[in-house]
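# Reading the structure
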Amino acid sequence: MADPAQIPYLLELLDDESAAVRTQVLTALRGYGDQLERIVVPYVALIEGVRRSLLTEIIQSSRETRFRDRWPVWLEISDPYTSLEHALESLSLLEAAWGAPTVGELLDELAAKFRRTVSEPYSIEQLNYFVFVTERYRPPAPDYYHPNNSNLTEVLRSRRGIQISLSCLVILLAYRLGILMVGCNLPGHFLYMMGSTGQWRVFDPFNLGLSLPDNTRKYLETHLQQHHITLDSLRAGPREIIPRVLRNLMTAWERTGDTVRAGYYQTLLEDLLLLYQQKGG
């Protein structure tokens, strides 16, 4: 295994005058594999210019290789919660801060904190209060469309996310606590809900996770029925959630002016929809 103690010396030689030395250094750094970005975190503030660019290229290349290996797996996972977490964690690997914990690690930490402060049996009301009042998860401001707001690792770290990100956070956290939630795939909005046919309770992550009042829910259901849509049909699992996340990432990168990153997510989305079509749904 490569020696972490060698990192400072390797970083210093990244832009060495000798092409042979630079090649050897790049090879050595790649030898750290998936661990490289966590190992270099203490030195990030000292890395500038050409060395920073070269290191970024190495880390991004490693991330994209890991992503390609991990990405297809979520479609083969039968448990919808594990599948959703795997897909969101894989996407987060592409853009999260160097050395950031994984989605799973951050959710485990949050679940452990909840268990230390709340007694069983757990309820969705207790969980929503914990997430939105105690931990103060909120809509993003002022930059609503920043790509980080669609990256679950960064949402967990910053406590700021768009509706679908906060909904997925609650859904996956609830699953760890034995509470089963599903997404609610409304056009233009994304909420989460629990229950069953005719008995859905719908929760709004932009309103402290409070459930929609009965009259609001009934109005929503009546409006949906006019378009031949039911809450049942809006139930969203990973196959519905992930394309929406990809569209959000594509839009977010377009708004930053980074057409290369936007195109990357557009390609992922197109490939995924084609795969759905080939598999019949």
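Read on for a plain summary of the structure. (Residues numbered from 1 in each chain as written. Predicted model: local features only at pLDDT ≥ 70, side-chain atom pairs only at ≥ 80, totals over all residues. Heavy atoms only, no water.)

### Quick notes on the packing of aromatic side chains
Considering all chains together, one arrives at 10 aromatic pairs under this definition. Geometrically, the ring pair formed by Tyr 192 and Phe 203 is stacked, given 5.6 Å between the ring centres and 20 degrees between the ring planes. Linking Tyr 192 in strand β2 (residues 191-194) with Phe 203 in strand β3 (residues 201-204), this pair joins segments that are 11 residues apart in sequence. In this structure an aromatic cluster arises from ring pairing among Phe 67, Trp 71, Trp 74, Tyr 264 and Tyr 265. If you follow Arg 52 out to its NZ or CZ, it ends over the ring of Trp 98, 5.1 Å from the centre. Arg 239 extends its terminal NZ or CZ atom over the ring of Tyr 276, reaching a point 4.1 Å from the ring centre. (Phe/Tyr/Trp six-rings, centres within 6.5 Å; stacked < 30°, edge-to-face > 60°. Helix = DSSP H or I, 4+ residues; strand = E, 2+ residues; numbered from the N terminus. Lys NZ or Arg CZ within 6 Å of the ring centre and 35° of its normal.)

### Quick word on helix α10 (residues 214-226)
Its 13 residues place the ends of α10 19 Å apart at the C-alpha level, agreeing with the 18 Å of an ideal helix rising 1.5 Å per residue. Every buried residue of α10 is accounted for by Arg 217, Leu 220 and Leu 224. Axial view of α10: buried residues confined to an arc of 60 degrees, hence all on one face. Along α10, the residues that are exposed and aim more than 90 degrees away from the buried face are Asn 215, Tyr 219, Gln 225 and Gln 226. In this fold, the buried residues of α10 make contact with β3. (Expected span 1.5 Å × (residues − 1). Buried < 20%, exposed > 50% of the residue type's maximum accessible area, 1.4 Å probe, protein only. Arc of directions from axis to C-beta. Contact = heavy atoms within 4.5 Å.)

### Notes on the pattern of salt bridges
Applying the stated criterion across every chain yields a total of 17 salt bridges. A salt bridge links Arg 63 to Glu 37; the shortest N-O distance between them is 2.6 Å. With Arg 63 in helix α4 (residues 49-70) and Glu 37 in helix α3 (residues 36-40), the pair connects residues that are 26 residues apart, well separated along the chain. Arg 63 gets classed as buried once you look at its relative accessible area, which sits at 3%. As a salt-bridge pair, Glu 76 and Lys 279 come within 3.2 Å of each other at their nearest N and O atoms. With Glu 76 in the loop between α4 and α5 (80-95) and Lys 279 in the segment after α12 (259-278), this pair connects stretches of sequence that are 203 residues apart. Counted as one network, the salt bridges with shared partners bring together Asp 34, Glu 37, Arg 63 and Arg 66. (Salt bridge = Lys/Arg side-chain N within 4 Å of Asp/Glu carboxyl O.)

### Describing the pairing of β2
Relative to β2, strand β1 (residues 182-184) runs antiparallel, the two sharing three bridges. Its bridge partner being in β2, Val 182 is matched across the sheet by Met 193. Here β1 hands over to β2 after six residues, with Gly 188 in that stretch at a positive phi of 80 degrees. Pairing between β2 and β3: three bridges, direction antiparallel. (Pairing = 2+ DSSP bridges.)

### As for the packing of α4 against α5
It is the contact of α4 with α5, at a shortest axis distance of 8 Å, that shows an interaxial angle of 165 degrees. Comparing the axis directions of α4 and α5 gives the class roughly antiparallel. As α4 runs across α5, the sense of the crossing is left-handed. Residues Gln 60, Arg 63, Glu 64, Arg 66, Phe 67 and Arg 70 of α4 touch α5, and the partners they reach there are His 86, Glu 89, Ser 90, Leu 91, Leu 93, Leu 94 and Glu 95. Looking at the contact of α4 with α5 residue by residue, the class counts come to four nonpolar, three polar and six charged. (Axes fitted to C-alpha atoms, helices over the stretch in contact; angles between N-to-C directions. Parallel < 35°, antiparallel > 145°, perpendicular 65-115°, else oblique. Left-handed = near helix turned anticlockwise from the far one by under 90°. Nonpolar A, V, L, I, M, F, W, Y, C, P; charged D, E, K, R; others polar.)

### Focus on the sheet that holds β3
Taken in spatial order, the five strands of this open sheet run β4-β3-β2-β1-β5, and their pairing is antiparallel. On the outer flanks of this sheet lie β4 (210-211) and β5 (235-236), each paired with one strand and no other. As judged from the two bridges shared by β3 and β4, these two strands associate in the antiparallel manner. When the sheet's bridge partners are listed, Phe 203 is paired in β4 with Ser 211.

### A closer look at the packing of α5 against helix α6 (residues 103-117)
The contact between α5 and α6 brings their axes to 9 Å, and the two run at 120 degrees. Between α5 and α6, the interaxial angle falls into the category oblique. Contacts between α5 and α6 involve Glu 85, Leu 88, Glu 89 and Ser 92 from the first element and Val 103, Gly 104 and Leu 107 from the second. Of the residues that constitute the contact of α5 with α6, the class distribution is three nonpolar, two polar and two charged.

### Section: the pairing of β3
Here β2 folds back onto β3, and the loop between the two strands holds six residues, one of which, Gly 195, carries a positive phi near 130 degrees. As consecutive antiparallel partners, β3 and β4 are separated by five residues, and within that stretch Leu 208 has a phi angle of approximately 60 degrees, a positive value.

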